[in-house]
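Take a look at the letters that make up each chain.
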Amino acid sequence: MSGERAVVRWRFTGPQGFLLAGSFLITLGSFAVLPYMSVLLHQRLGLGLGTVGTVLAVASLIQFAGGVVAGPVAGRIGLRRSMLLALGLRTAGFAAFVPGLTSPVLAVGALLLVSAGAALYLPANKAYLVDGSPEPDRPRLLSASSSAFNAGMALGPPAAAPLVMGSPGVLFTCVAGLFAVVGVGHAFLPRDAVRPAAADAPPPPTGGRRSGLSPFLVTVASVYAFMFFQHYLALYAVPRTSAGFYGVVLMGYAALLVVAQPLLAERVAALSYPAALRWGFGAMAAGMAAIAGGGHAGIAVGGVLICLGEIVLFLKNDLEALARSSAPPATVFGRQRLAAGIGAFASGVVGGQLYAAAESAGSARAFWAVVGLQCVLLPVLLLSVGRRTARGRSEPRAETAAG
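Residues numbered from 1 in each chain as written. Predicted model: local features only at pLDDT ≥ 70, side-chain atom pairs only at ≥ 80, totals over all residues. Heavy atoms only, no water.

Per an unreviewed UniProt entry, the recorded name for the protein chain is MFS transporter, and the organism is Streptomyces rhizosphaericola.

Another aspect to go through is the overall build of the protein chain. Each helix and strand counted, the protein chain has 15 helices and zero strands in total. The buried share among the 403 residues of the protein chain stands at 47%. For the protein chain, the accessible area works out to roughly 18000 Å², and carbon and sulfur atoms hold 68% of it. (Helix = DSSP H or I, 4+ residues; strand = E, 2+ residues; numbered from the N terminus. Buried < 20%, exposed > 50% of the residue type's maximum accessible area, 1.4 Å probe, protein only. Areas by Shrake-Rupley, 256 points an atom, 1.4 Å probe, with all protein chains shown as cover.)

Moving on, we come to the packing of helix α10 (residues 215-240) against helix α11 (residues 243-270). Following both chains from N to C, one finds α10 and α11 inclined at 155 degrees, their axes separated by 8 Å at the closest point. In this view, α10 runs roughly antiparallel relative to α11, as classed from their interaxial angle. The interaxial crossing formed by α10 with α11 has right-handed handedness. Touching Phe226, Phe229, Leu233, Ala234, Ala237 and Val238 of α10 are Ala243, Tyr246, Val249 and Tyr253, all from α11. Considering only residue class, the contact of α10 with α11 consists of ten nonpolar, no polar and no charged. (Axes fitted to C-alpha atoms, helices over the stretch in contact; angles between N-to-C directions. Parallel < 35°, antiparallel > 145°, perpendicular 65-115°, else oblique. Left-handed = near helix turned anticlockwise from the far one by under 90°. Contact = heavy atoms within 4.5 Å. Nonpolar A, V, L, I, M, F, W, Y, C, P; charged D, E, K, R; others polar.)

On to the packing of aromatic side chains. Scanning all chains against the criterion turns up 14 aromatic pairs. Note on tyrosine 232 and phenylalanine 367: the rings are 5.4 Å apart at their centroids and 70 degrees apart in plane angle, and the pair reads as edge-to-face. With tyrosine 232 in helix α10 and phenylalanine 367 in helix α15 (residues 365-402), this pair connects stretches of sequence that are 135 residues apart. Judged by its relative accessible area of 10%, tyrosine 232 is buried. Feature note: the residues Tyr224, Phe228, Tyr232, Tyr236, Tyr355, Phe367 and Trp368 constitute an aromatic cluster, connected by ring pairs. (Phe/Tyr/Trp six-rings, centres within 6.5 Å; stacked < 30°, edge-to-face > 60°.)

In this structure, Leu41, Phe94, Phe97 and Phe172 are the most contacted members of the largest nonpolar core, which totals 58 residues. In terms of residues, this core owes the most to one element, helix α7 (residues 104-130), which gives eleven residues. For phenylalanine 172, the contacting residues outside a window of four places in its chain are Val33, Met37, Leu40, Phe94, Phe97, Val98 and Leu101. (Core = buried A, V, L, I, M, F, W, Y, C linked by side-chain atoms within 4.5 Å.)

A few words now on a nonpolar patch on the surface. A cluster of nonpolar side chains, contributed by Leu373, Val376, Leu377 and Leu381, occupies part of the molecular surface with about 380 Å² of accessible area. As for its position among the elements, valine 376 is in helix α15. (Patch = residues over 30% accessible without salt bridge, like charges linked within 9 Å, V, L, I, M, F, W, Y side chains within 5 Å. Salt bridge = Lys/Arg side-chain N within 4 Å of Asp/Glu carboxyl O.)

What follows deals with helix α8 (residues 138-164). With 27 residues, α8 ought to run about 39 Å at 1.5 Å a step, and its terminal C-alpha atoms sit 37 Å apart, in line with that. The largest bend in α8 is about 30 degrees, located at leucine 155, with the proline proline 157 one to four residues further on. (Expected span 1.5 Å × (residues − 1). Bend = angle between axes of the 7 residues up to and from the residue.)

Let us look at the pattern of salt bridges. Taken as a whole and assessed by the stated rule, the structure comprises four salt bridges. Residue lysine 126 pairs with aspartate 318 through a salt bridge whose shortest N-O separation is 3.1 Å. Of this pair, lysine 126 sits in helix α7 while aspartate 318 sits in helix α13 (residues 295-324), placing them 192 residues apart in sequence. Given the relative accessible area of 11%, aspartate 318 is considered buried. Close ionic contact of aspartate 137 with arginine 140 constitutes a salt bridge, the shortest N to O distance being 3.6 Å. The residues aspartate 137 and arginine 140 share a single accessibility class, namely buried.

Looking now at the packing of α10 against helix α14 (residues 329-360). Here α10 crosses α14 at 45 degrees, and the two axes come no closer than 7 Å. By the angle between their directions, the pair α10 and α14 is classed as oblique. In the packing of α10 onto α14, the handedness of the crossing is right-handed. A per-class count over the contact of α10 with α14 returns 18 nonpolar, eight polar and one charged.

Let us now look at the environment of glycine 247. Tracing the backbone shows glycine 247 in helix α11. Of the residues examined, glycine 247 reaches a relative accessible area of 25% and is grouped as partly exposed. Note: C-alpha distance between glycine 247 and alanine 234 (13 residues apart in sequence) is 9.3 Å.

For helix α3 (residues 37-44), the set of buried residues is Met37, Leu40 and Leu41. Looking down the long axis of α3, one finds its buried residues gathered within 90 degrees of arc, a one-sided arrangement. Remark: glycine 46 follows α3 within two positions and exhibits a positive phi of approximately 80 degrees. (Arc of directions from axis to C-beta.)

And the structure:
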């Protein structure tokens, strides 16, 4: 009987299955284009590198910080219509790139339109996916969603490589068509998510929620630590190994994310929040130390450890944010996107200065050692702040009871 229940629990509803497939296709199309955007803007359209950097920074800010708008929009027009609006914006943006290949103004406008669509889509997508599902099902749903997104991210750039410079108009036309088809599919989704019966679901554990940890703050710190790896590994690894080896590491990283996230979802959900911080940041710290050791083995092992840290922290942060908030899921996921944007921005600012200082001192390995030390200290600081917050909440209640 327990085996049968396990099979049923891992079966997705029709709308959920469609959203997961759509998540893969959407990310596949996006990452067929977006990683090459700096090359297109600079080499094809002739924009200066400073201008390109500014444009990409503004686009990233819209994509992340704009997530806070997703909640109010979804509250007014509904989750399904929010996704349709977002996909409409992204379809129009990618289509506008076709004439934009000869016009910098059109190209920049198209990129900002695509970014605005992304800001609206992801919170609504995740909210629709978990809407009405019992809380024990949320780890597998969110981990499956993340795996679908990561699979698209991994396959998009190599799929577009033959077209991106030689025939970009064909590429943008294909991507716009892909988004249009996926958007039409979204139009047939039920107005509200299918709500599985939750009567037999066990009550969610509450022990981890008694800590004063803020999922928003922990998400900022998690993305801050992770983005050092994302931004600066190529700068460190390619000269010490090769571009081919770096590509293999990235593909292996993406494959591990896709496979391991659903397998570890239940275990991550069962961890208390403080324990998840220790495991997640601990794995990242060990990964940074392995990378600092240099060489093929150190970089490969470091990538595996950081991948495990990402799985634990990113999934647990979303689960805790949902569990601790009475706001609609779209609003919660929008705030989490904002937190991720703040962390990525801070990491970019700090990382550039830190890597330059390490290189000027003649030891790029020191950069990874310092980042690893930050990964050791961050959970200590976060847990300390959480304990103080928890005490601040409990003291007024104690005084009221005594009175």
